[in-house]
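Residues per chain, in single letters:
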Amino acid sequence: MKYDYDLFVIGAGSGGVRAARISSLAGAKVAIAEEYRIGGTCVVRGCVPKKFLVYGAEFSQMLADAPGYGWTVGDATFNWPTLRDNVQKEVTRLSGIYATNIAKAGVTTFEERAEVVDAHTVRLTKSGSELTAERILIATGGRPYLPEGLPGLELGITSNEAFLLDKLPERALIVGGGYVALEFANIFHGLGSKVRILHRGDKLLRGFDDDLRAHMHIEVERSGVALTMKATLTKLEMSGGAIRATLSTGEKVDTDVVLFAIGRDPCTAGLGLERAGVKLDDEGAVIVDEFSRSCVPSIYAIGDVTNRMNLTPVAIRDGHAFANTIYNNLPTPVDHSFVPSAVFGRPPIGSVGLTESDARRSFDLVDIYRTSFRPMRNMLSGNQERTLMKIVADGSSGKLLGVHIAGEDAPEMIQLAAVAVKAGVTKKQWDSTMALHPTAAEELVLMREKVASPGSPA
Ligand SMILES: Cc1cc2nc3c(=O)[nH]c(=O)nc-3n(C[C@H](O)[C@H](O)[C@H](O)COP(=O)(O)OP(=O)(O)OC[C@H]3O[C@@H](n4cnc5c(N)ncnc54)[C@H](O)[C@@H]3O)c2cc1C
């Protein structure tokens, strides 16, 4: 054999693990390197631990809603170390399952950092050994972006550290307006912290539908999280046991935790890719084609490091498609159309397909259907939280282009709505489905009136 391995995968996260396992099962000799913990961001410090914390945080709303349903709730207290440690136990269990599965598939694992030396060589940085492979797959994911140069930056944390805090902060300042910021605001607020979001923009959740963004602004504030928009941080310093944050407005905010959730960078720094001739974009992401191939024929990249659509199921599909294309003789281009996504905020969001403004840019006629209501579940409790549902359809063909929901169970609903949108269902077919009563989801098939459709007699 000309090389030590057929395939060397750098990064054992969602994408890398899937690609390594399927390639090995197809008969390739595969190695994988991981510098932190097997399982990657999703399992260790992303989706999985986050969702457990969201579940934990939801109890406070349930307790608040309970009296309207006749329940008398005694003095409920919350213990952060119990939740934190239970989550970490589960993370360790899942990471172990990942490690076992790749070993069972015949993959050799190196638990250390790997860097690219040239088109067919990687170096393991701890042991210093160099290994060759016919192909190298970059699956190194992303890492939280930090505002380098901010005075007192070291006093802040990122989502990485948020899972492991010694104690629940009494006050938390969350910097950013994306999904990670909203989810941690929901988590800390639900668990009992006083939370403020600081965002430099004037709207939350860039990239989501504008109606949804406006709805979330109202609901996040209603939930009790303070929003400071159009402002940034200029300094962090310690002051009498608290972190004092100075804002661009001049306001000073004392807090116990400052969490930066201002985006993520692809993990390519110091990886040696430029040395091997691999082209990166302005943000450091590996530029790849539809088969995840970089400009160097033996080097491929999948998942967050390509910054195409930074979600776990996408990284997994990318990895599987790569393995099928190369080792199963099944050329599989990756399909990133109509990928559903969720924000586990208060209320949660589920979204798939085009936003109204995206649709208006690409289609001559766009039909919009929208409804906003207080769900039945909130009536007896007095909870004022509202649900928003919106459908974007092509006014000519009638095909659904996007479905956007903010409200209880929205992520669960959107997975199924995504099946219909992806299948190219028309609004007429969608509406022919019988409602399921009494649910919030039934409103999705009962939106008959167009609310806006410039260019057509609505
Ligand atoms: C707080 C948070 C919440 C999230 N929630 C969701 C969610 O609800 N749903 C969803 O779909 N997605 C979510 N994501 C995104 C999701 O985690 C990522 O899209 C997914 O993990 C990407 O998989 P990946 O394989 O590309 O990279 P990763 O899972 O990040 O794996 C990359 C791995 O490579 C390792 N690595 C990096 N460099 C090297 C090197 N040189 N040598 C060896 N190893 C290296 C890293 O340690 C890491 O383990 C969330 C992310 C965060 C941060």
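The structure reproduced in this document is the subject of the present report. None of these values were measured; they are calculated from a predicted model.

Parameters and conventions
- Residues numbered from 1 in each chain as written.
- Predicted model: local features only at pLDDT ≥ 70, side-chain atom pairs only at ≥ 80, totals over all residues.
- Heavy atoms only, no water.
- Salt bridge = Lys/Arg side-chain N within 4 Å of Asp/Glu carboxyl O.
- Helix = DSSP H or I, 4+ residues; strand = E, 2+ residues; numbered from the N terminus.
- Buried < 20%, exposed > 50% of the residue type's maximum accessible area, 1.4 Å probe, protein only.
- Contact = heavy atoms within 4.5 Å.
- Near = heavy atom within 4 Å.
- Polar contact = N/O pair within 3.5 Å; in protein donor to acceptor, adjacent residues only side chain to side chain.
- Areas by Shrake-Rupley, 256 points an atom, 1.4 Å probe, with all protein chains shown as cover.

A separate point is the pattern of salt bridges. The tally for this structure, following the rule as stated, stands at 28 salt bridges. The salt bridge partner of arginine 93 is glutamate 90, with a shortest N-O separation of 2.9 Å. Of this pair, arginine 93 and glutamate 90 both sit in helix H4 (residues 80-104), 3 residues apart, which is roughly one turn of the helix. Its relative accessible area of 21% is what places glutamate 90 among the partly exposed residues.

With that out of the way, let us pick up the side chain of arginine 84. Tracing the backbone shows arginine 84 in helix H4. Classification of arginine 84 as buried rests on a relative accessible area of 15%. Those residues in contact with arginine 84, other than ones at most four positions away along the chain, are Phe163, Leu164, Leu165 and Asp166.

A separate point is the site of the ligand. Near the ligand there are 35 residues, and of these Gly15, Glu34, Thr41, Lys50 and Asp304 occur at the shortest range. Between glycine 15 and the ligand, the recorded distance is 2.8 Å, taken from a backbone N or O atom to an oxygen atom. Side-chain polar atom of glutamate 34 to an oxygen atom of the ligand: 2.6 Å apart, as the coordinates give it. When the ligand is considered free in solution it has 1000 Å² of accessible area, and contact with the protein chains removes 95% of it. Element by element, the count of residues in the shell around the ligand is highest for helix H2 (residues 40-45), at 4 residues.

Take it as geometry only, folks, not as evidence of what the structure does.
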